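Per-entry structural report
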Amino acid sequence: MYKKYIAAWILSFSACTSAVATPSFGDQHIELSYSFNAESFYDLYGSQYHYTPSNSYALGLTEPQLKLEEPDLPKYLIAQDQKDWDYLKEQTYTVLGLSVVTVGLMTMLPESITKWDEESRDLSQLGRKWRDNVREGPVWDRDEHFLNYIMHPYFGGVYYTAARHAGFNEFESFLYSATLSTFFWEYGVEAFAEVPSWQDLFITPFFGSVVGEMMFEAEQNIVRSGGEIWGSESLGGVTLFFLNPVGHIHGWVTNTWGGSADMQFNYQPWFGNADAARFALDAGASYDSHFYAVELNVRF
């Protein structure tokens, strides 16, 4: 049965071939041609889809997409992902230097503001005055409310943000602020001029940490908004400086100077220099067995 079907199919194919090869209209030549126009075909059926050929570049197959990268922010505007002890140490040196400058400026302010009398401004007996003030305190001071309840929390916040930018968490930054405000400032620099204060010992680290975290968050929000406030870069820049003055000053000095500085406390009279000690004694200086000094080495 299958053989019959195959034979019939072969005969039909042969007949079709013969019909194409031999024209049935005499000697008339007939040429069949057909061209396909894609746009006409789609227009015929009213289709809204049209295909427009495109090269590989337009499709983005051979060339990567153009990616614009934002410029790197300075380090003092970035919160480190992990603890950076070196950066914290560098900022601490900056705090020490700024504190010395601050004391120098405070000596020029009137007594009605600082409550430092003429005896407190005398530099000839710094060691004795420091010991007497430390032994006498802490006391409830008579400073202006502006200094006690605005400036001290602000400076406590400045210490706090220095640690936050170096990658330390809230509690660790509080400890750093408390250490600087208590041992460096209240029982250190300021004790040369006045007795340590109960208000400053409490308000500077505790209120300063609250203020400092608010300063830190506000700074990061301004940075994320492009450094602008109300569309003004100038206002944003000034605000960012006061929110983190230590970081800005440290960054400016580091970028401009390019040197290095080391600071350490020294407890040896005349820094262990026998010749200097002998010269001072011969000149009439009194020998003081209690010696506290800061040794600063600056390299250019």
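Up top you'll find the structure we're talking about.
This one's a predicted model, so the numbers in the text were calculated from it and none came from an experiment.

Attention now moves to the pattern of salt bridges. Taken as a whole and assessed by the stated rule, the structure comprises five salt bridges. A salt bridge links Lys83 to Glu172; its shortest N-O distance comes to 3.4 Å. With Lys83 in the loop between helix 3 (56-59) and helix 4 (85-106) and Glu172 in helix 8 (residues 170-189), this residue pair connects regions lying 89 residues apart in the sequence. Salt-bridge contacts for Arg164 lead to Glu170; the nearest nitrogen and oxygen are separated by 3.7 Å. Each member of the salt-bridge network shares a partner with another, and the members are Arg164, Glu170 and Glu213.

Next up on the list: unusual backbone geometry. Phi angles above zero are rare outside glycine, and Trp230 is one such case at about 55 degrees. Structurally, Trp230 can be placed in the loop between helix 9 (198-224) and helix 10 (233-243).

A separate point is the side chain of Ser197. Of note, Ser197 is situated in the loop between helix 8 and helix 9. Within the local environment of Ser197, its side chain forms a polar contact with the side chain of Gln199, the two groups lying 2.9 Å apart. Those residues in contact with Ser197 that sit more than four places away from it in its chain are Pro138, Val139, Asp141 and Glu186.

The next point concerns the environment of Gln220. Considering the arrangement of structural elements, one finds Gln220 in helix 9. It is 8.4 Å that separates the C-alpha atoms of Gln220 and Ala79, two residues lying 141 residues apart in sequence. Setting aside chain neighbours within four positions, we find Gln220 in contact with Leu77, Ala79 and His165. Side chain to side chain, Gln220 and Glu219 meet in a polar contact 2.9 Å long.

Let us look at the side chain of Glu213. Residue position: Glu213 is located in helix 9. A distance of 2.5 Å separates polar atoms of two side chains, one belonging to Glu213 and the other to Tyr160. The contacts of Glu213, once residues within four sequence positions are left out, are Tyr160, Arg164 and Glu170.

Cut-offs used in this document
Residues numbered from 1 in each chain as written. Predicted model: local features only at pLDDT ≥ 70, side-chain atom pairs only at ≥ 80, totals over all residues. Heavy atoms only, no water. Salt bridge = Lys/Arg side-chain N within 4 Å of Asp/Glu carboxyl O. Helix = DSSP H or I, 4+ residues; strand = E, 2+ residues; numbered from the N terminus. Polar contact = N/O pair within 3.5 Å; in protein donor to acceptor, adjacent residues only side chain to side chain. Contact = heavy atoms within 4.5 Å.

Remember, this is a structural readout, not a statement about activity or role.
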